[in-house]
Amino acid sequence: MVVVLLGSGSTARAVILKYCGFEFVQRPTNAKEDLPKGDYKTPEEYCDATCLLKAQSCLECAGYDFAIYADTIVISPDGRIMEKPNSHREAVEMLMAHAVNTYADVYTSVIVRGRDGTMMQKGSKSRIHFRQYQKQEVEEYLKNDDNLRECMTGSGALTVMGTGARWLTRVDGCFYNSAGLSPAVLFGIIDAWDGMGV
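What comes next concerns the included structure.

The rules behind the values
- Residues numbered from 1 in each chain as written.
- Predicted model: local features only at pLDDT ≥ 70, side-chain atom pairs only at ≥ 80, totals over all residues.
- Heavy atoms only, no water.
- Buried < 20%, exposed > 50% of the residue type's maximum accessible area, 1.4 Å probe, protein only.
- Helix = DSSP H or I, 4+ residues; strand = E, 2+ residues; numbered from the N terminus.
- Polar contact = N/O pair within 3.5 Å; in protein donor to acceptor, adjacent residues only side chain to side chain.
- Contact = heavy atoms within 4.5 Å.
- Salt bridge = Lys/Arg side-chain N within 4 Å of Asp/Glu carboxyl O.

Points about helix 1 (residues 11-19)
- Turning to helix 1, its buried residues number three or more, namely Ala12, Arg13, Ala14, Ile16 and Leu17.
- For helix 1, the N-terminal cap is serine 10; the gap from its side-chain oxygen to the backbone nitrogen of alanine 12 is 3.3 Å.
- Positive backbone phi, approximately 90 degrees, marks glycine 21, located one or two places after helix 1.

Here you go:
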């Protein structure tokens, strides 16, 4: 039996991994996600670097055949990186920005790390389209403590596999990528790894 470590505390990623048929242990990394965004030419490069930071911060792979790490960011149409909100105010601002902009890109970087420390990384992007909604609806939505807690766990205050689905009209590209882990990317890495005889 293949033993897998999911180096993430994300509920959505755990659900997706179960959908993929893996048995795994979930253990969040202790990485401080505080890389200076200005040091990177693109949001995607920043996300890739953050994902690598997570993989390098959790080196306890003994007993696991491989470990999976991921990082997800939401990118506004003007190129601004939107990570998890730090307050109620930020959650409102992010959700309202989606309503005004009508769409946002979601980039997820994935790393698979082998027992011997070998790592392979790949990223993918999807685009989320939003329906029109007003600030009053957002305020009412966030009065619910469960909704607010959920928003605080999602980049751009979005949880597309949770109550955040209410804001969406469609997703271009892989839906699961926008939730935090694309099965196509994951299996693409694993297949490439198998082809190399790793």
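Observations concerning unusual backbone geometry
- Positioned with a positive phi, threonine 102 is a non-glycine residue whose angle comes to about 75 degrees.
- If you trace the backbone, threonine 102 turns up in the loop between helix 3 (88-101) and strand 5 (103-114).
- Using a relative accessible area of 32% as the deciding quantity, one classes threonine 102 as partly exposed.
- Positive phi is not limited to glycine here, since alanine 157 has a value of about 65 degrees.
- Position of alanine 157 relative to the elements: it lies in the loop between helix 5 (145-151) and strand 7 (168-172).
- Its relative accessible area of 1% is what places alanine 157 among the buried residues.

Let's talk about the side chain of serine 126
- Secondary-structure assignment places serine 126 in strand 6 (residues 119-130).
- Classification of serine 126 by relative accessible area gives buried; the value is 2%.
- Of note is the side chain of serine 126, whose polar atom sits 3.0 Å from the side chain of asparagine 177.
- With near-sequence residues (within four places) excluded, serine 126 lies in contact with Ala104, Asp105, Val106, Val171, Asp172, Gly173, Cys174, Asn177 and Ser178.

Things to note about the pattern of salt bridges
- Applying the stated criterion across every chain, the model contains 12 salt bridges.
- Across the pair lysine 54 and glutamate 33 runs a salt bridge, and its minimum N-O distance is 3.7 Å. Of this pair, lysine 54 sits in helix 2 (residues 43-57) while glutamate 33 sits in the loop between strand 2 (24-26) and helix 2, and the two are 21 residues apart along the sequence.
- Notably, a salt bridge pairs glutamate 140 with lysine 143, separated by 2.9 Å at the nearest N-O pair.
- For lysine 143, a relative accessible area of 59% gives the class exposed.

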